[in-house]
Amino acid sequence: MSLLSITDLANEVAGKPILKGLSLSIGAGEIHAIMGPNGAGKSTLAYTLGGRPGYEVTGGSVTFAGEDLLAMEPHERAAAGLFLGFQYPVEIPGVSTVQFLREALNAQRKTRGEEPLSGGAFLKLAREKAALLKLDPEMLKRPVNVGFSGGEKKRAEMVQMGVLDPKFAILDETDSGLDIDALRIVGEGINAIMRKPDKAVLLITHYQRLLDYVKPDFVHVLAAGRIVRSGGPELALELEEQGYEAVVA
Amino acid sequence: MSELATLPTRHEEDWRYADLAALETVWPVATETLTLAPGEQATRTLVLDGDSAVVRDLAVTLGAGAEFDLRVLNAGKAYGRLSVRVVLAKGAQFRFGAAQVAGGEQTVEIVTEVVHAEPDAVSNQIVRQVLGGRATGNYLGRVLVERGAIGTDGSQSVRAMLLDRTATANARPELEIYADDVKCAHGCAIGELDREGLFYLASRGLPPAAAKALMLQAFLSEAFAGAPDEETLTAAALAALEDVL
Ligand SMILES: Nc1ncnc2c1ncn2[C@@H]1O[C@H](COP(=O)(O)OP(=O)(O)OP(=O)(O)O)[C@@H](O)[C@H]1O
Ligand SMILES: [Mg+2]
């Protein structure tokens, strides 16, 4: 049975149709990559799965771990095990990462009927994940993403993912803005956190370079709001060589 | 700001937005005076809360080189008003940080008059307001730089966050300058919570009320930065926020 199943998903943003009947099924233990031209609707798919206000679903359905994902509020989706890695992580002045992340984790645990994590246990967990991503743990005391470099923001996203330990992650261009070493560290981090038999990942990327570290089982091409082609890992290489026009046509 | 015998009316500038009916329940209001000797330093924390109207009036005199740090949380469930008049002698410093939180039909207000009577004094005012329901939050702040008070540095930063379209913020920072070589700045802004930030927090699992409280607490804490009672004030502000959210 698939962990995430998207059927004929259609939506509108500011009255403009973006996703136009997108279908995709992702099983537990699988890693999928989505590639596609700028403006194709990749981030729109990520936001729609996350439940961002303004991303109005006009058709289709999404089932996540057997439940109707679209009926849930954004925070309920997170508690159900969905994680969204942002293409542009948001800066939140005055709110420290450790403070919000602990509250977020404990809110998720509460929804799942689990005991809250103590301050000490949380800090230990956060430090462990920061070490995994080679991010200075002191940065987590600073306001969320404020004053972080592009690469630091992406690493901090992965630290958050490590702490929240989701079932399914959709990672929107997590590789953009990373230097060569950071790319490897983040790639290995994603594998360590998410490559498990009961988890799955959807990677949105423009380049093969991340896929060298996080090897996908399936690669899809999203163009004009739909999946227009699917294949194995070799499809990414083919795209990189020939570009979208040749492959999509 | 001497004690007034009769109840003020809305025609008086400082009482323009006041809740006069609530004021009547606590009238007359005695002025509390505070004088700092030259070079003296003091800090004060005022929390205006509770279920009935609270009206406080302060008159502060700062001697040469004296430093006064005043922090306020104005979050009463009825009317809450603080008026403060500060006169600064040469090189004195006045630091004011106030947060106002109101919901329902409530009025909260802060009225300041800061008088730079002599050269080289510094005054710095930060006011942050969170207003929901049909609440009204007011800040009337006058900075007066007297003749000869050269080298004055006075600033006012006033920001309000409206949780509902029905809430009102009145902000009137005012400068009256009768001296040269003076640095005065004021800014005020009224806004709403950043939706992108709220979605980001929600995507991590925070329910909407918790996400809002976290962002608003951060906003209000700008008024408490560096205060000796920063943690207590921030916690009290959060409790007040939970009442209006
Ligand atoms: N708020 C909005 N208002 C109007 N149009 C929008 C809005 N958000 C996105 N769009 C449009 O939706 C389309 C898809 O955008 P999206 O961000 O999903 O593309 P993408 O595939 O992620 O592109 P990229 O590779 O550049 O990140 C674009 O044409 C974009 O202009
Ligand atoms: Mg995008």
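Thresholds applied
- Residues numbered from 1 in each chain as written.
- Chains lettered and ligands numbered in written order.
- Predicted model: local features only at pLDDT ≥ 70, side-chain atom pairs only at ≥ 80, totals over all residues.
- Heavy atoms only, no water.
- Donors = N, O, S within 2.8 Å, 3.2 Å for Na, K, Ca; no water.
- Helix = DSSP H or I, 4+ residues; strand = E, 2+ residues; numbered from the N terminus.
- Buried < 20%, exposed > 50% of the residue type's maximum accessible area, 1.4 Å probe, protein only.
- Contact = heavy atoms within 4.5 Å.
- Buried area = accessible area lost by both parts, 1.4 Å probe.
- Salt bridge = Lys/Arg side-chain N within 4 Å of Asp/Glu carboxyl O.
- Polar contact = N/O pair within 3.5 Å; in protein donor to acceptor, adjacent residues only side chain to side chain.
- Nonpolar A, V, L, I, M, F, W, Y, C, P; charged D, E, K, R; others polar.

**Here we look at the coordination of the magnesium ion (ligand 2)**
All names here are of chain A.
Right, so step 1: Taken together, the protein donors to the magnesium ion (ligand 2) comprise Ser-43 (OG) and Gln-87 (OE1), at separations of 2.0 to 2.2 Å. Taken together, the residues Ser-43 in helix 1 (residues 42-50) and Gln-87 in the loop between strand 6 (82-85) and strand 7 (92-96) connect sequence positions 44 residues apart.
Right, so step 2: Under the relative-accessibility criterion, Gln-87 is labelled buried at 15%.

**Examining the interface of chain A and chain B**
Right, so step 1: At the interface, 29 residues of chain A touch 18 residues of chain B.
Right, so step 2: With both sides pooled, the region where chain A packs onto chain B buries about 1900 Å², and carbon together with sulfur makes up 70% of that total.
Right, so step 3: Viewed at the interface, chain B and chain A are joined by one salt bridge.
Right, so step 4: There are seven residue pairs in polar contact (both at pLDDT 80 or more) connecting chain A and chain B.
Right, so step 5: Those elements giving two or more residues to the side of chain A that touches chain B turn out to be helix 1, helix 2 (74-79), strand 6, strand 7, helix 3 (97-111) and helix 5 (150-164) of chain A.
Right, so step 6: Take the side of chain A that touches chain B: its biggest share by element is six residues, from helix 3 of chain A.
Right, so step 7: Considering only residue class, the side of chain A that touches chain B consists of 18 nonpolar, eight polar and three charged.

**Side note on the pattern of salt bridges**
Right, so step 1: Within the structure shown, the criterion is met by 26 salt bridges over all chains.
Right, so step 2: Arg-209 of chain A is the salt-bridge partner of Asp-175 of chain A, the closest N and O atoms lying 3.6 Å from each other. Of this pair, Asp-175 of chain A sits in the loop between strand 9 (168-172) and helix 6 (180-194) while Arg-209 of chain A sits in helix 7 (residues 208-213), and the two are 34 residues apart along the sequence.
Right, so step 3: The exposure class assigned to Arg-209 of chain A is partly exposed, which follows from its relative accessible area of 31%.
Right, so step 4: Across the pair Glu-222 of chain B and Arg-159 of chain B runs a salt bridge whose closest N-O atoms are separated by 3.4 Å. Of this pair, Glu-222 of chain B sits in the loop between helix 3 (208-221) and helix 4 (230-244) while Arg-159 of chain B is found in strand 10 (residues 153-162), placing the two residues 63 residues apart along the sequence.
Right, so step 5: In this structure Arg-159 of chain B comes out as partly exposed when scored by relative accessible area, which is 33%.
Right, so step 6: Residues joined by salt bridges that share partners form a network here, namely Glu-13, Arg-16, Arg-172 and Glu-174 of chain B.

What is shown is where atoms sit, not what they do.
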